[in-house]
Amino acid sequence: MASATCPVYAHFFGFAGSSLAMILTSAGAAYGTTKAGVSIAMAGTFRPDLIMKSLIPVVMAGIVAVYGLVISVVISGNMAPSTPYSLFSGFVHLGAGLSVGMAGMAAGYAIGIVGDAGVKGFANSSKLFVGMVLMLIFAEVLGLYGLIVALILNTKATNEC
Amino acid sequence: MQYYKSLATNPAALLSYTSAVVTVIALYLLFTGYGEAFNVGYYLLAISPYMWASIGIGLAIGLSVVGAAWGIFAVGVSILGAGVRVPRITTKNLVSIIFCEAVAIYGIIVAIVFSAKLGNVSPLTFTASHYYTGYSLFWSGLTVGLCNIACGLTVGLTGSSTALADAHDAALFVKVLVIGIFGSVIGMFGLIVALLQTGKAAEFGA
C-alpha cells in the first residue's frame, strides 16, 4: 500500500503544515491583540469615548488568526487515513502552512506595533484616525498575501501514488 | 564558559550553532558516499506511534496549562496591586482570571478526547493508519498547546490592563474587557483545528 511516492510518513508533513499555519498566525494575532490592547486600555483612561473606534487594531489582529484557521481547515480536510496521500502533497501543504503562518505572524506583529502607536496618537488628535486605519489595512494585507499563496499551493497538491 | 552561557540565553545563537552542526554532518555524509544514511523518513517511521501520540497529549495539556498560568499570574499581580487602593475591583476582575482558566480547560478537553484514541496494538506491527493517528495527535497537541500559550498570554496581559483601567474608572471595565474577549478567541481556534485534525484518526487497537 505504501510506495516510494506515497510513503507512510507523508502525513507528518501535511499535519505540520496545518498546525504551523494555526500556531504561527495565533502568535501574530496574540502579539497584535496584546500590544494594541494595552494601549487602548491606557488611552481609554483619558478618552473613554474613543475606545470603541480604537478597537480596530484588535479586530484586525483577530482576522489574521482567521487566515490561519482557514488554511488549517483546508489542509486537514485534504487528509484522511485511508485515501492515498503523496509525499508531494505533504510538502506542498507544509509550504502552504508556512507561507500563511510566517506572513500572518509578521502581519500580526506589524498590526500590534502600528495599533499601539496609532491608538496613542488617535487619543491625542482625532485627525490621525484615517491614517491609522490605512496603515493597519496595509499591514493586514501582508497576511492576506500569505493566505493567497497558501491557497494557490494547496490547489497544486495531487495524490498520484 | 562565556560562549556556552551565551548559547543558553541567546536563541538566535543556539539556532545558528545547531544548524551549522547539522549542515556539517549532512555535507560530511553526502561527500563520503553515505548520503542515503541521512534519512529523515526513516526516523519518522522508527519513532513509534505510541511516542508520537503520547507526546502530543502531554504537550496539549502541559503547554495549555503554561499559557493559563502565565495569564493568571499576569492578571493577579495587577488586581492585587491596584486593589490596595481600589478594593472594589477585586471581585469583578476575577472574570479575566476565569477567561485564562478557560484556556487550560481547552487543553484538558483535548487531552481527554485524544487519550480515548490510545490503546494497545495487539500484534505489534504498526500500519499506516496507526502512524496517521500518531502524527495527527502529535501535531494537534502541539497546535492546541502553543495556541493556548499565545491566548493565555494575550488574555492575561489585556486582563491586567482591564484591571488597571477599572481601578481608574469603573465605567471602563466592560469596554476594555472586550479586548480580552477578542483575545480568547485565539485559543478556541486552536481547539477547533486540533479536533478537526484528529477527527478522522482511527483509534489504536481498533
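Residues numbered from 1 in each chain as written. Chains lettered and ligands numbered in written order. Predicted model: local features only at pLDDT ≥ 70, side-chain atom pairs only at ≥ 80, totals over all residues. Heavy atoms only, no water.

Quick look at the packing of helix H7 (residues 128–168) of chain B against helix H8 (residues 173–199) of chain B now. All names here are of chain B. As a packed pair, H7 and H8 sit with axes 8 Å apart at the nearest point and diverge in direction by 175°. Accordingly, the angle class assigned to the pair H7 and H8 is roughly antiparallel. Class assignment for the residues of the contact of H7 with H8 results in 16 nonpolar, 15 polar and one charged. (Axes fitted to C-alpha atoms, helices over the stretch in contact; angles between N-to-C directions. Helix = DSSP H or I, 4+ residues; strand = E, 2+ residues; numbered from the N terminus. Parallel < 35°, antiparallel > 145°, perpendicular 65-115°, else oblique. Nonpolar A, V, L, I, M, F, W, Y, C, P; charged D, E, K, R; others polar.)

Counted at 1.5 Å a residue, the expected span for helix H1 (residues 10–44) of chain A with its 35 residues is 51 Å, and the 51 Å between its end C-alpha atoms agrees. In terms of burial, H1(A) is a largely internal element, 29 of the 35 residues being buried. (Expected span 1.5 Å × (residues − 1). Buried < 20%, exposed > 50% of the residue type's maximum accessible area, 1.4 Å probe, protein only.)

With that out of the way, let us pick up the side chain of Ser72(A). Turning to its location among the elements, Ser72(A) is positioned in helix H3 (residues 56–77). Leaving out residues up to four positions away in the same chain, Ser72(A) has contacts with Ser18(A), Ala21(A), Met22(A) and Val193(B). (Contact = heavy atoms within 4.5 Å.)

Turning next to the UniProt feature "domain: V-ATPase proteolipid subunit C-like" (unreviewed entry) in chain B. As annotated in UniProt, the feature "domain: V-ATPase proteolipid subunit C-like" (unreviewed entry) corresponds to residues 55–113 and 138–196 of chain B in the numbering used here. What you have in residues 138–196 of chain B is 93% helix and 0% strand, and the ends, taken at the C-alpha atoms, are 13 Å apart. (UniProt positions renumbered as here; feature names shortened; annotations may be inferred.)

Residue and element names in this part refer to chain A. Per the counting criterion, the structure on display carries one cavity of 30 Å³ or more. Empty space within the largest cavity amounts to approximately 30 Å³. Lining the largest cavity are Ile 40, Ala 43, Gly 44, Arg 47, Leu 50, Ile 51, Ser 54 and Val 119. Within the residue set of the lining of the largest cavity, elements represented by two or more residues are H1 and helix H2 (51–54). In terms of residue count, the dominant contributor to the lining of the largest cavity is H1 (three residues). (1 Å grid on protein atoms, 1.4 Å probe; cavity = no way out; pocket = protein on both sides within 12 Å on 5 of 7 lines; lining within 4 Å. Points joined across faces, edges and corners; volume = space filled by probe spheres on them.)

Our next topic: the UniProt feature "transmembrane region" (unreviewed entry) in chain B. Residue and element names in this part refer to chain B. Residues annotated by UniProt as "transmembrane region" (unreviewed entry) correspond here to residues 12–31, 51–82, 94–116, 136–158 and 170–196. Its end C-alpha atoms 33 Å apart, residues 94–116 is made of 96% helix and 0% strand. The straight-line gap between the two end C-alpha atoms of residues 136–158 is 32 Å; of that span, 100% is helix and 0% is strand.

Attention now moves to the pattern of salt bridges. Evaluated as defined, the whole model comprises four salt bridges over all chains. Asp49(A) is the partner of Arg47(A) in a salt bridge, and the nearest nitrogen-oxygen pair spans 3.3 Å. Residues Asp166(B) and Arg88(B) are paired through a salt bridge, measuring 3.3 Å at the closest nitrogen-oxygen approach. With Asp166(B) in helix H7 and Arg88(B) in the loop between helix H4 (49–83) and helix H5 (89–92), the pair connects residues that are 78 residues apart, well separated along the chain. Here Asp166(B) falls in the buried class, since its relative accessible area comes to 0%. In the salt-bridge network here, residues are joined through shared partners; they are Lys35(A), Asp116(A) and Lys120(A). (Salt bridge = Lys/Arg side-chain N within 4 Å of Asp/Glu carboxyl O.)

Glancing now at the UniProt feature "transmembrane region" (unreviewed entry) in chain A. All names here are of chain A. Mapped onto this structure's residue numbering, the UniProt feature "transmembrane region" (unreviewed entry) falls at residues 12–34, 55–75, 95–116 and 128–153. Counting secondary structure, residues 95–116 comes out at 100% helix and 0% strand; the distance between its end C-alpha atoms is 31 Å. For residues 128–153, the end-to-end C-alpha separation is 38 Å, with 96% helix and 0% strand making up the annotated structure.

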